[in-house]
Amino acid sequence: FAGCLDPDEFDKLSDLVGKHVSCSQTGDKVQVVETEPDKDGNDGLAKVTSGLAALNLKLPPPAKFTKWCLPESQIGIEHKPKLFGAKSTNIVQVRKTLPEWVLTPKSAVVPFGVFEKVLEASENKDVAAEYKKLVEKELPASKEPLHVLQRLKAQILRLLAPPDLEKSIKASLVESGIIIQGELEGADWEEAFTALKGVWASKWNDRAYFSCKKANIGAEHVQMAVLVQRLVEADYAFVIHTKNPFKEDSGEMYAEVVVGLGETLVGNYPGRALGFAMNKDGSGDPQVQSMPSKSVGLFGGGLIFRSDSNGEDLPGFAGAGLYDSIPMVKNEHRTLMYHKEPLVVDRELSDKVMRGVCKVAADVEKAMDGVAQDIEGCYKDGKFYVVQTRPQV
């Protein structure tokens, strides 16, 4: 994805609508020029589709139901059979090797197979019948799949929770130290279960569906585990690429920072983040690439339910970001005033945050055996947190 902030450049792009173009990237610049169509009549989308199909991507065999919820003590690389994705594994594993100054939230996971088990419950008989009809008949035959996708998501949100699911989730969250005994009762449980269902429903997000379709992966076979954590009430949130993607420089990291929670960053809210690059060894000063301009910041706490599907770990398939992470409690929206925002006007603080983010990049990459990482984290009251990490694609 590329953004265009220059009105003149945008006008040039508008003139190319409906024409064949080629795109090339040099550093952080993207050049788009008109070109002749292929002699064989193939367009770029056909090439991308055939290229993805040539990867012969295959989802692992579907996991059968084992447990309703797993506490953190049961999340690990060695767990057999595989009941959750790399997102759950990585955040638990990285804590064991990270220095103490980098904090991570405690976790529990609703594993693969639970959604299917809930769908089979007697109280969800009618929902299951309608869901099966939509998946097996209406979606394959539809010329307007977006409408069917919305109906599929709506059916999932109608699901009722079997009593054993509620008991197991609460027990696992207490054992993991995420909640205390007696929390998550009544209306709070309903909000939590609604967030959980929202993550399950995100397997039918339109972008996820079309990405799977292009890669010749049956979206109906995607299984969704859900990572449950307590949301850090962040002052600032960041995303790090430990290898600068613009320069392909493994000695330099690139990061973006926003005020408040990270959803304004990963959710593509309008405006720009504070973007900067820096040598991972800490030498030199941060090189600011963009100043923050997002008009809204999100703030809040409570539990967050994060997608962790079996489609996000496939080699060669950029599955990250296709599915949703949903907070239990709706976040507070605040209009940001950058003329008095410390990240902008306090040079000492901004330098501390950027250098700290750079150190997080170096330490997490080292903890993950030197493999370049895509990291999500936050800064709160002078402390740095990592909430998830995955290999950089």
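Placed above this text is the structure.
Here the structure is a predicted model, which is why all the values come from computation and not from measurement.

Remarks on the side chain of Lys203
By the element assignment, Lys203 lies in the loop between α8 (187-201) and α9 (206-214). Here Lys203 is buried and forms no salt bridge, its nearest opposite-charge partner Glu116 lying at an N-O distance of 5.2 Å. In this structure, Lys203 is in contact with Tyr131, Ala208, Ala219, Glu220, Val222, Met224 and Tyr323, ignoring residues within four places of it in sequence.

Considerations on unusual backbone geometry
One non-glycine residue with positive phi stands out, namely Asn216, at about 65 degrees. With respect to the helices, strands and loops of the structure, Asn216 is situated in the loop between α9 and β5 (224-230). For Asp369, which is not glycine, the phi torsion reads 60 degrees and is therefore positive. In this fold, Asp369 is placed in the loop between α12 (347-367) and β14 (373-380).

Re empty space enclosed by the protein
Rolled over the atoms, a probe as big as a water molecule pinpoints where empty space is left. Enumeration according to the criterion identifies one cavity of 30 Å³ or more in this entry. One number sums up the size of the largest cavity: a volume of about 50 Å³. Considering only residue class, the lining of the largest cavity consists of four nonpolar, two polar and two charged.

Re the sheet that holds strand β4 (residues 107-110)
Taken in spatial order, the four strands of this open sheet run β4-β5-β11-β12, and their pairing is antiparallel. Each edge of the sheet is formed by a strand with only one pairing partner; in this case those strands are β4 and β12 (325-327). Sheet twist, expressed as the mean angle between neighbouring strand axes with direction ignored, is 20 degrees. Where strand β11 (residues 303-309) and β12 come together, three bridges link them in antiparallel fashion. Residue Ile304 lies in a different strand from β12, and its bridge partner there is Pro327. Running over the sheet, helix α3 (residues 86-97) touches β4, β5 and β11 and is turned about 120 degrees from β11.

Quick look at the sheet that holds strand β3 (residues 102-103)
Ordered by their spatial adjacency, seven strands build an open sheet running β3-β15-β14-β6-β7-β8-β9, and the pairing between neighbours is mixed. Where the open sheet ends on each side, the last strands, each with one partner, are β3 and β9 (287-290).

Rules and cut-offs
- Counting of residues starts from 1 at the beginning of each chain's written sequence and follows it residue by residue.
- Local features are withheld for residues below a pLDDT of 70 in this predicted model, meaning they are given only at 70 or higher, and side-chain atom pairs are given and counted only at 80 or more; totals for whole chains, interfaces and linings count all residues.
- Hydrogen atoms and water are omitted, and side-chain values are computed over all heavy atoms in the structure.
- Secondary structure counts use DSSP, requiring at least four H or I residues in a row for a helix and at least two E residues in a row for a strand, with both numbered from the N terminus.
- Three exposure classes are used, based on accessible area relative to the maximum for each residue type with a 1.4 Å probe and protein chains only: buried under 20%, partly exposed in between, and exposed over 50%.
- In summary, the charge assignment counts Lys and Arg as positive and Asp and Glu as negative, without counting His or the chain termini.
- Whenever Lys or Arg places a side-chain nitrogen within 4 Å of a carboxyl oxygen from Asp or Glu, that contact is recorded as a salt bridge.
- Contacts are assigned to residue pairs that have any heavy atoms within 4.5 Å of one another.
- Cavities and pockets are found on a 1 Å grid laid over the protein atoms alone: a cavity is a set of points where a 1.4 Å probe fits but cannot escape, a pocket is an open set with protein on both sides within 12 Å along at least five of seven lines, and a lining residue has an atom within 4 Å of such a point.
- Grid points are joined across faces, edges and corners, and a volume is the space filled by probe spheres set on the points.
- Residues were grouped as follows: Ala, Val, Leu, Ile, Met, Phe, Trp, Tyr, Cys and Pro as nonpolar; Asp, Glu, Lys and Arg as charged; and all remaining residues, including Gly, as polar.
- Two strands qualify as a pair provided that DSSP identifies no fewer than 2 bridges between them.
- Every axis corresponds to a line fitted to the C-alpha atoms, with the helix fit spanning only the stretch in contact, and the corresponding angles, defined between N-to-C directions, vary from 0 to 180 degrees.

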